[in-house]
Amino acid sequence: MAVSGGSGPGPVLSLDTLVRLGRETHTPGAPDDRARPGAAEAAEDIGTGDGAGRTRSSGGLRRLPLPAGMTLPLGCDAVAVPAHLGPPLMPRLPRVGCVYADETHWWWIVPADSDYALRWPDAAHYATGAVLPDAPHTDRLPTLIHRPSGTVPYTPPIPLYLALCRVTGTTPTWSRPVSA
């Protein structure tokens, strides 16, 4: 879906562009103001692993490495859940993208901004830019346990969100009663 402005030639804006423009107008320091890499920036930062299971971008951030040949047309974030919830989620998803696992968590790659206007269940950890939380005891990254066919690494975020709500007994945010 694209929108063109007024009468005459001009830039064509997609819905994704409009959402990103709206997010960039946040006041710095506002409660929901977070640094979010764009698709091109995320593609540069994420890259691929070095074969040893370690990836660091500038500044010492640990990011999940994408397999060779994967593309990031929509940027890249990740959703982590406790490891015991990983196996029950897999069969509930219509498409599974790249999934990583370690002893404590399973990580799903999702398009950037998959948390926009969405509160993930408390069991989940949303990682903007697929940056992993600090783990001082190890420099080892989670292992890739599922790679989709094709070049797109994403698990669709809404089915993942709904499946996670189901296995954790959480009511989706849009189904909660609104108080005035």
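Because the structure is predicted, anything quoted here is derived from the model rather than measured. (Residues numbered from 1 in each chain as written. Predicted model: local features only at pLDDT ≥ 70, side-chain atom pairs only at ≥ 80, totals over all residues. Heavy atoms only, no water.)

Considering the confidence of the model for the protein chain
Considering every residue of the protein chain, the mean pLDDT works out to 76; 61% of them sit at 70 or more. Scored below 50 in pLDDT, residues 17-46 makes 46 contacts in the model with residues more than four places away or belonging to other chains. Of the regions scoring below 50 in pLDDT, residues 48-58 engages in 25 contacts with residues more than four places distant in sequence or in other chains. (pLDDT = per-residue confidence, 0-100. Contact = heavy atoms within 4.5 Å.)

Here's the deal with the pattern of salt bridges
Tallied over the full model, the rule gives 1 salt bridge. Asp122 is paired through a salt bridge with Arg119; the nearest N and O atoms lie 3.0 Å apart. Arg119 gets classed as partly exposed once you look at its relative accessible area, which sits at 48%. (Salt bridge = Lys/Arg side-chain N within 4 Å of Asp/Glu carboxyl O. Buried < 20%, exposed > 50% of the residue type's maximum accessible area, 1.4 Å probe, protein only.)

Side note on the nonpolar core
In globular proteins that are soluble, nonpolar side chains generally tend to be buried together. In terms of nonpolar packing, the biggest core is built from 21 residues, with Val81, Trp108, Trp120 and Leu160 touching the most fellow members. Residue assignment for this core shows that the elements contributing at least two residues are strand E3 (77-82), strand E4 (99-101), strand E5 (105-110) and helix H4 (157-168). Among the elements that make up this core, the one with the highest residue count is H4 (5 residues). Ignoring anything within four residues of it in the chain, the contact list for Val81 reads Gly86, Leu89, Thr104, His105, Trp106, Trp108, Ala123, Ala124 and Leu164. Core analysis: the second largest hydrophobic core is formed by 16 residues, Leu66, Trp107, Ala130 and Leu132 among them. (Core = buried A, V, L, I, M, F, W, Y, C linked by side-chain atoms within 4.5 Å. Helix = DSSP H or I, 4+ residues; strand = E, 2+ residues; numbered from the N terminus.)

Brief notes about the pairing of E3
Along E3, 5 of the 6 residues are buried, which leaves the element largely enclosed by surrounding structure. Alignment of E3 against E5, held across 6 bridges, turns out to be antiparallel. When the sheet's bridge partners are listed, Val81 is paired in E5 with Trp106. Across 3 bridges, the pairing between E3 and strand E6 (residues 125-127) is antiparallel. Each residue of the ladder has a partner; that of Ala80, found in E6, is His125. (Pairing = 2+ DSSP bridges.)

Side note on the environment of Pro156
Checked against the element boundaries, Pro156 lands in the loop between strand E7 (143-146) and H4. Sequence separation between Pro156 and Gly97 is 59 residues, and the spatial gap between their C-alpha atoms is 7.9 Å.

Here we look at a nonpolar patch on the surface
Taken together, the side chains of Ile158, Leu162 and Trp174 present a nonpolar region at the surface, about 300 Å² in accessible area. Topologically, Trp174 is positioned in the segment after H4. (Patch = residues over 30% accessible without salt bridge, like charges linked within 9 Å, V, L, I, M, F, W, Y side chains within 5 Å. Areas by Shrake-Rupley, 256 points an atom, 1.4 Å probe, with all protein chains shown as cover.)

As for the environment of Leu93
Along the polypeptide, Leu93 turns up in the loop between helix H3 (86-89) and E4. For the pair Leu93 and Leu160, spaced 67 residues apart in sequence, the C-alpha separation works out to 6.5 Å. If sequence neighbours within four positions are ignored, Leu93 has contacts with Trp108, Thr155, Pro159, Leu160 and Ala163.

With respect to H4
If you check H4, its first and last C-alpha atoms are 16 Å apart, about what 12 residues at 1.5 Å a residue would give, namely 16 Å. Buried residues of H4: Pro157, Leu160, Tyr161, Ala163, Leu164 and Cys165, and no others. Against E3, H3 and E5 lie the buried residues of H4. Just downstream of H4, Gly169 is the residue with a positive phi angle, here 70°. (Expected span 1.5 Å × (residues − 1).)

Remarks on the sheet that holds E7
Strand order across the open sheet formed by 5 strands is E6-E3-E5-E4-E7, with antiparallel pairing between neighbours. Both outer strands of the open sheet, E6 and E7, are each paired with one neighbouring strand and no more. Pairs of neighbouring strands in the sheet enclose a mean axial angle of 30°, with direction left out of account. (Axes fitted to C-alpha atoms, helices over the stretch in contact; angles between N-to-C directions.)

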